[in-house]
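# Secondary and tertiary structure notes
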Amino acid sequence: MTTINDFDFKDKKALIRVDFNVPLDEHFKVTDTTRIVSAKPTIFKILEDGGSCVLMSHLGRPKGISPEFSLEHIVDVVTEIIGVSVKFVNDCVGSSVEEAVNSLEAGEIVLLENLRFYDEEKGGDHEFAKQLSKLGDIYVNDAFGTAHRAHASTTIVAQFFEGKKCFGNLLAKEIESINKVFKDSEKPVTAILGGSKVSSKITVIENILDKVDHLIIGGGMSFTFIKAQGGSIGDSICEDDKQELALEILKKAEEKGVKVHLPVDVVAADAFSNEANTQFVDIYHIPDGWQGLDAGPKSNIGFSFIIAQSKTILWNGPLGVFEMKKFAKGTIELGNAIADATAEGAFSLVGGGDSVAAVKQFGFADKVSYVSTGGGAMLEMLEGKSLPGIEAILT
Ligand code: AMP
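Read on for an overview of the structure. (Residues numbered from 1 in each chain as written. Predicted model: local features only at pLDDT ≥ 70, side-chain atom pairs only at ≥ 80, totals over all residues. Heavy atoms only, no water.)

It is worth spelling out the site of the ligand at this point. In the vicinity of the ligand lie 15 residues, with Ser-196, Gly-220, Gly-292, Glu-323 and Asp-354 positioned nearest. A distance of 3.0 Å separates an oxygen atom of the ligand from a polar backbone atom of Ser-196. One nitrogen or oxygen atom from the side chain of Lys-201 is found 3.2 Å from an oxygen atom belonging to the ligand. Surface burial for the ligand is 83%, taken as the share of its 500 Å² of free accessible area covered by protein chains. The cavity that encloses the ligand is the second largest pocket. (Near = heavy atom within 4 Å. Polar contact = N/O pair within 3.5 Å; in protein donor to acceptor, adjacent residues only side chain to side chain. Areas by Shrake-Rupley, 256 points an atom, 1.4 Å probe, with all protein chains shown as cover. 1 Å grid on protein atoms, 1.4 Å probe; cavity = no way out; pocket = protein on both sides within 12 Å on 5 of 7 lines; lining within 4 Å. Sits in = over half its atoms within 2 Å of the grid points.)

Listed below in structure tokens is the structure:
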């Protein structure tokens, strides 16, 4: 795997695909700087070598050129976070951009305008990628969040940098951590899948059955499994058309020697509300009019026990409706158990969707080994797919 550490960037211009697709409020202020902060190590290494950085990214989903999606809104924040004054050019290809890039000196940074102002970006246009390729000596892909897209700046542009392309620090770390779970893992390996739907996680489950020793299935998706096994789930969410599939998964897991752990009890509520009345009930006997919205205390103890014995842990999806305080305990206890196991030497990866939000909200981000920065991209890696942005560097 070729990374920025394999190159000396002295007097070189690095064309870096970053993921600066950050959330903005109505005054165009950045509300979460995680993605910018995550790009720092790559930018620093290149500047320290004596190189310069040409940063390119998309922001939002603009239809053509739309000022509200201009990356100019984030220039000051990037400057503040990197600690180096960042120049901005209001285009991402063409002669004005080439001029700005050519006049860059060692230690300088320029940020290009939103790549998605051109339809050619998402279309993976070869000519557009060729224009981009004129803006650097070495191509660095550090945008994990878009690595699952074969766009011009994430994939196609790499063709023009034979022997001069590499992964940035962030993307390399993402790949290394998924490899630590799936390839070079220390056993026992435990995956925890939660969230609302079996249907959105089915490919992940199928892929990980060959790689894990324990599979904890929690959250809303557990009820499809419980009902399929003949349980009464009251008004809990369920995908009736996935019951057959749920039974097949359990059978496959058994054949492969994977131990599946479902919740044994739940926090049942008489409404989908933080003000609802609640009670702990056996997950197989949830009364009508009640719905399971969180893992119950017995489940939490059982899950923590499995996690404490695990050497490698993968967590995707909350164990309950953690957005409501009343139903957050299962997810918090799970986070605590993973943090404890990590402190004891286990490797833990949290990735894909809402579990990342939960980990940040409840302060576990520094207590797990790695929190993935890419929702969709991580999900596709968990599904066992090869991502075009990664392949483009490897080939
Ligand atoms: P996903 O995007 O599939 O990972 O699902 C995440 C969502 O699942 C979160 O918004 C949770 O509130 C929701 N969720 C977790 N457990 C339950 C449950 N028991 N009932 C309804 N929704 C749930």
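Another aspect to go through is the packing of helix α7 (residues 169–182) against helix α14 (residues 375–382). Here α7 crosses α14 at 30°, and the two axes come no closer than 11 Å. As α7 packs across α14, the resulting crossing turns out to be right-handed. From α7, Glu-174, Ile-175, Ile-178 and Phe-182 reach across to α14, where they touch Met-378, Met-381 and Leu-382. (Axes fitted to C-alpha atoms, helices over the stretch in contact; angles between N-to-C directions. Helix = DSSP H or I, 4+ residues; strand = E, 2+ residues; numbered from the N terminus. Left-handed = near helix turned anticlockwise from the far one by under 90°. Contact = heavy atoms within 4.5 Å.)

Pairing between the strands of a sheet comes from backbone hydrogen bonds, and it takes one of two forms, parallel or antiparallel. Ordered in space as β12-β11-β14, the 3 strands form an open sheet in which the pairing is antiparallel. The open sheet has two edge strands with one neighbour each: β12 (278–282) and β14 (291–295). Averaged over all pairs of adjacent strands, the angle between their axes in this sheet comes to 45°, without regard to strand direction. Where strand β11 (residues 265–269) lies against β12, 5 bridges are found, and the strand directions are antiparallel. Across the sheet, residue Asp-265 finds its bridge partner in β12, namely Asp-282. (Pairing = 2+ DSSP bridges.)

With that settled, the discussion passes to the pattern of salt bridges. Using the criterion set out here, one finds 14 salt bridges in the structure. Taking the shortest distance from any N to any O, the salt bridge between Asp-11 and Lys-10 comes out at 3.9 Å. Residue Lys-187 is joined to Asp-213 by a salt bridge in which the shortest nitrogen-to-oxygen separation is 3.0 Å. In this pair, Lys-187 is assigned in the loop between α7 and β7 (189–193) and Asp-213 in the loop between α8 (202–208) and β8 (214–217), connecting sequence segments 26 residues apart. (Salt bridge = Lys/Arg side-chain N within 4 Å of Asp/Glu carboxyl O.)

Before going further, it helps to examine the state of the cysteines. In the structure shown here, the tally under the stated rule is 0 disulfides. Of all cysteine sulfurs in the structure, the one in Cys-53 sits closest to Cys-92, which takes part in no disulfide; the separation is 18 Å. Owing to a relative accessible area of 0%, Cys-92 belongs among the buried residues under this scheme. (Disulfide = S-S within 2.5 Å. Buried < 20%, exposed > 50% of the residue type's maximum accessible area, 1.4 Å probe, protein only.)

Here the largest pocket is characterised by a volume of approximately 650 Å³. Along the wall of the largest pocket there are 30 residues; nearest its centre are Asp-32, Thr-34, Arg-35, Lys-360 and Thr-373. Looking at the lining of the largest pocket, the elements with two or more residues in it are α1 (34–38), α7, α13 (354–361) and β17 (370–371). The element best represented in the lining of the largest pocket is α1, accounting for 4 residues. By residue class, the composition of the lining of the largest pocket is 13 nonpolar, 11 polar and 6 charged. (Points joined across faces, edges and corners; volume = space filled by probe spheres on them. Nonpolar A, V, L, I, M, F, W, Y, C, P; charged D, E, K, R; others polar.)

This part covers empty space enclosed by the protein. Over the atoms, a rolled probe matching the size of one water molecule traces out where space is still vacant. Scanning the entire structure with this criterion turns up 3 cavities of 30 Å³ or more. Here the largest cavity defines a volume of roughly 70 Å³. In this structure, the largest cavity is lined by Asp-19, Arg-35, Ser-38, Ala-39, Asp-142, Phe-144, Gly-145, Leu-170 and Thr-373. Tallied by class, the residues present in the lining of the largest cavity amount to 3 nonpolar, 3 polar and 3 charged.

To continue, consider the pairing of strand β2 (residues 52–56). Taken across its 5 residues, β2 has 5 buried, putting it largely inside the fold. A two-sided burial pattern is seen for β2, the buried positions comprising Ser-52, Val-54 and Met-56 on one face and Cys-53 and Leu-55 on the other. Inspection of the sheet shows strand β1 (residues 13–17) paired to β2 by 5 bridges, in the parallel sense. The residue bridging Ala-14 from the neighbouring strand is Cys-53, located in β2. Judged from the 3 bridges that link them, β2 and strand β4 (residues 109–111) form a sheet pairing that is parallel. The residue of β4 that forms the bridge with Val-54 is Val-110.

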